[in-house]
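# A look at the structure
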Amino acid sequence: MFKSSLFTVVFLAIVISGTYCAPAAEEPAPEPVAPPEPQAITATATLQATEGNEVSGTVSFEESDGMVSIVADVSGLEPGMHGFHIHETGDCSAPDGTSAGGHFNPQESEHGAPDGEIHHSGDFGNLEADEEGMAHLEVSVDFITLSEGATSVLNRAVIVHAQEDDFGQPTGNAGPRQACGEIQ
Ligand code: CU
Ligand code: ZN
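Residues numbered from 1 in each chain as written. Chains lettered and ligands numbered in written order. Predicted model: local features only at pLDDT ≥ 70, side-chain atom pairs only at ≥ 80, totals over all residues. Heavy atoms only, no water.

## What about the sheet that holds strand β8 (residues 177-182)?
Taking strand neighbours across the sheet as the criterion, the eight strands line up as β5-β4-β7-β8-β1-β2-β3-β6 in an open arrangement whose pairing is antiparallel. Strands at the two margins of the open sheet, each flanked by one partner only, are β5 (123-129) and β6 (135-141). Ignoring strand direction, the axes of neighbouring strands in this sheet form an average angle of 20°. (Pairing = 2+ DSSP bridges. Helix = DSSP H or I, 4+ residues; strand = E, 2+ residues; numbered from the N terminus. Axes fitted to C-alpha atoms, helices over the stretch in contact; angles between N-to-C directions.)

## Some words on the pairing of strand β7 (residues 157-161)
Across the five residues of β7, five count as buried, placing the element largely inside the fold. Bridging between strand β4 (residues 80-87) and β7 involves four bridges; their strand directions are antiparallel. The partner of H85 across the bridge, within β7, is I159. Here β7 runs beside β8; their pairing, made up of five bridges, is antiparallel. Residue pairing for β8: A157 is matched across the bridge by E182. (Buried < 20%, exposed > 50% of the residue type's maximum accessible area, 1.4 Å probe, protein only.)

In structure tokens, the structure reads:
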């Protein structure tokens, strides 16, 4: 008795679910008409490890309404803080990344923290890597642009350093360059 009623329940369940899940022949929904979007300018830097380490990642940039938002995802780091800057030359050809030059500094100011009053235009403080060596940073700033002009970071380079940017002079004591990516 129990077995046969269980069978009935299972059988009914299959029939009902089959009924409900049967693909309905529907008309394809009309394509929604996209509203016109404001033109955003975007750029990306693909980070390549310098000689002797395995740091890699992606940094994406998007400019709109006078702000540039930056999203960085980097892996292969030692856990902890790593100086994160835009350097002036979009040239990562040197094995140690020194071809990227110094910090992007069109205003000829001193080095500092990005949220401080005085800093280079390329100063973005630090990435913080977790125990897996992964770092994620999202920040939005008004002191760089992608569009043409003195503060444009296009064709410059993102550098990730081995050590923490302590905001000391002249460039934060962040040590060797572990990854470099041209902003394109
Ligand atoms: Cu740097
Ligand atoms: Zn700096």
